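One letter stands for each residue in the lines below.
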Amino acid sequence: MVTSITSYGRSGTADWLMQRVSAVILLAYFLCIGGFLVTTPDLSFDVWSSYFNTRAMRIFSLLAIISIAAHAWIGIWGVSTDYLTTRMAGANGDTLRWIFQAACAVLIFVYFVWTIEILWGV
Amino acid sequence: MLNVSIYRYNPATDKAPYMQDIQVDTGGRDMMVLDLLEMVKTNDTTMSYRRSCREGVCGSDGVNMNGKNGLACITPLSEVVKNNKLVLRPLPGLPVIRDLVVDMGQFYKQYEKVKPFLLNDTPAPAIERLQSPEDRAKLDGLYECILCACCSTACPSFWWNPDRFIGPSGLLQAYRFLADSRDEATEQRLADLDDPFSVFRCHGIQNCVSVCPKGLNPTKAIGHIRNMLLGRAT
Ligand code: SF4
Ligand code: SF4
Ligand code: FES
């Protein structure tokens, strides 16, 4: 059976699993940050930035960024192959989908690099 | 008098489909939607629909009644009529051949893809391939499907990708053979389903479950297939 070259893992099972795993990681990450915000009464820039500079938080943050990129890509890919097709969007559906996917891929990459720069740039 | 609105389209004479409003005298009796269709057809022989067994066995009279798919022959008016009105349309998502008759080609193509027959290369024993009662019980809730297409044509994922998503009906049958102790092609069957469309376009909306006239649960079967795929991948 032909799979699609633009799907994330080229296997529906891999995509599905990745989508679930990344969702759990993101949930845990935001709960963690939320918990920190709630339990820290005097939040200053120093407290906030030293919190992100611990090794555990660095690893966790990187994991979360990778997860969000993968999660976004699989989601975008799924939605675009549902609605941006020749069946749903007319004769130019395939071109539209290609442009949309390319634009999203670039955008996700830009955000990815940008986030790393914000967290660890000088 | 019951207000009935029927989707009409004869490609030979009509430029576009239209809804025909008619009043039908049911004499206040409850009856099956199919009986109503027969009454309409007696007065207007150009109106077309499919039917055969008239008892929910053949699966030919799947139609959309007041927005919900079902078999006309086993759906009483009392179950679907709202405010004395009944809107009848062909099953959604498939090309219309005429009036309530749809082209089931795409649906059957997906059914074919799952190889709905036993694959077993072991030489057949003298009498028959035996199956324990426990193994046979695993096929309950799967083998009863009559391929009426009510489920697949109620599924948004099938509307969007009818050529790539197998759809609830085909997947129920895929699992029927994955679950059969006499079938030897489990690995090949799973490999054929592993792409991002065949199984994984199911988003668990369960429209299929709510319309199946046989009370079957395609979503559950799809869940079993997904677990088998995950077991194989990890
Ligand atoms: S549960 Fe899956 S197969 Fe059933 S209607 Fe929803 S998307 Fe379609
Ligand atoms: S699963 Fe139910 S609704 Fe779907 S084709 Fe089979 S009998 Fe019809
Ligand atoms: S006519 Fe056979 S199922 Fe309705």
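What you see is a predicted model; the values in this text were computed from it and never measured.

A. Region of the structure containing the overall build of chain B. A count of helices and strands for chain B gives nine helices and seven strands. Taken along the three principal axes of its C-alpha coordinates, chain B extends 60 × 35 × 30 Å. Burial statistics for chain B: of 234 residues in total, 48% are counted as buried. In chain B, 64% of the contacts between residues at least 6 apart in sequence involve partners at least 24 apart. Surface accessibility of chain B: about 11,300 Å² in total, with carbon and sulfur atoms responsible for 51%. A distance of 4 Å separates the average location of the 27 positive side-chain charges in chain B from that of its 27 negative side-chain charges.

B. View of the site of ligand 2. Surveying the vicinity of ligand 2 reveals the residues B:Cys145, B:Ile146, B:Leu147, B:Cys148, B:Ala149, B:Cys150, B:Cys151, B:Ser169, B:Leu172, B:Cys212, B:Pro213 and B:Lys214. Looking at the shell around ligand 2 residue by residue, the classes come out as ten nonpolar, one polar and one charged.

C. Seen up close, the site of ligand 1. Around ligand 1, a shell composed of B:Cys155, B:Pro168, B:Cys202, B:His203, B:Gly204, B:Ile205, B:Gln206, B:Asn207, B:Cys208, B:Thr219 and B:Ile222 is seen. The residue makeup of the shell around ligand 1, split by class, is six nonpolar, five polar and no charged.

D. Highlighting the interface of chain A and chain B. With 18 residues of chain A in contact, the opposing surface of chain B contributes 20 residues. For the pairing of chain A and chain B, the buried interface totals around 1,600 Å² over both sides, and the portion due to carbon and sulfur atoms is 62%. One can count two salt bridges joining chain A with chain B. Of the charged contacts, one joins A:Asp82 and B:Arg201 as a salt bridge, the two residues approaching to 2.9 Å between their closest N and O atoms. In this assembly, chain A and chain B are joined by ten residue pairs in polar contact (both at pLDDT 80 or more). Listed by contribution, the elements that provide at least two residues to the side of chain A that touches chain B are α1 (12-39), α3 (55-83) and α4 (86-89) of chain A. Its residues assigned to classes, the side of chain A that touches chain B shows seven nonpolar, eight polar and three charged.

E. Main features of the domain arrangement of chain B. All names here are of chain B. Its domain assignment divides chain B into domain 1 (2-102) and domain 2 (105-233). On a C-alpha basis, the centres of domain 1 and domain 2 stand 29 Å from each other. At the junction of the two partners, domain 1 supplies 14 residues and domain 2 supplies 14 residues. Sorting the residues of domain 1 by area buried against domain 2 places Asn69, Pro92 and Leu94 first, and these three jointly supply 38% of that buried surface. Where domain 1 packs against domain 2, one counts zero salt bridges. With four residues, strand β4 (residues 68-71) is the largest single contributor of residues to the side of domain 1 that touches domain 2.

Conventions and cut-offs
Residues numbered from 1 in each chain as written. Chains lettered and ligands numbered in written order. Predicted model: local features only at pLDDT ≥ 70, side-chain atom pairs only at ≥ 80, totals over all residues. Heavy atoms only, no water. Helix = DSSP H or I, 4+ residues; strand = E, 2+ residues; numbered from the N terminus. Buried < 20%, exposed > 50% of the residue type's maximum accessible area, 1.4 Å probe, protein only. Contact = heavy atoms within 4.5 Å. Areas by Shrake-Rupley, 256 points an atom, 1.4 Å probe, with all protein chains shown as cover. Lys, Arg positive; Asp, Glu negative; His and termini not counted. Charge placed at Lys NZ, Arg CZ, Asp CG, Glu CD. Near = heavy atom within 4 Å. Nonpolar A, V, L, I, M, F, W, Y, C, P; charged D, E, K, R; others polar. Buried area = accessible area lost by both parts, 1.4 Å probe. Salt bridge = Lys/Arg side-chain N within 4 Å of Asp/Glu carboxyl O. Polar contact = N/O pair within 3.5 Å; in protein donor to acceptor, adjacent residues only side chain to side chain. Domains from an automatic or database assignment.

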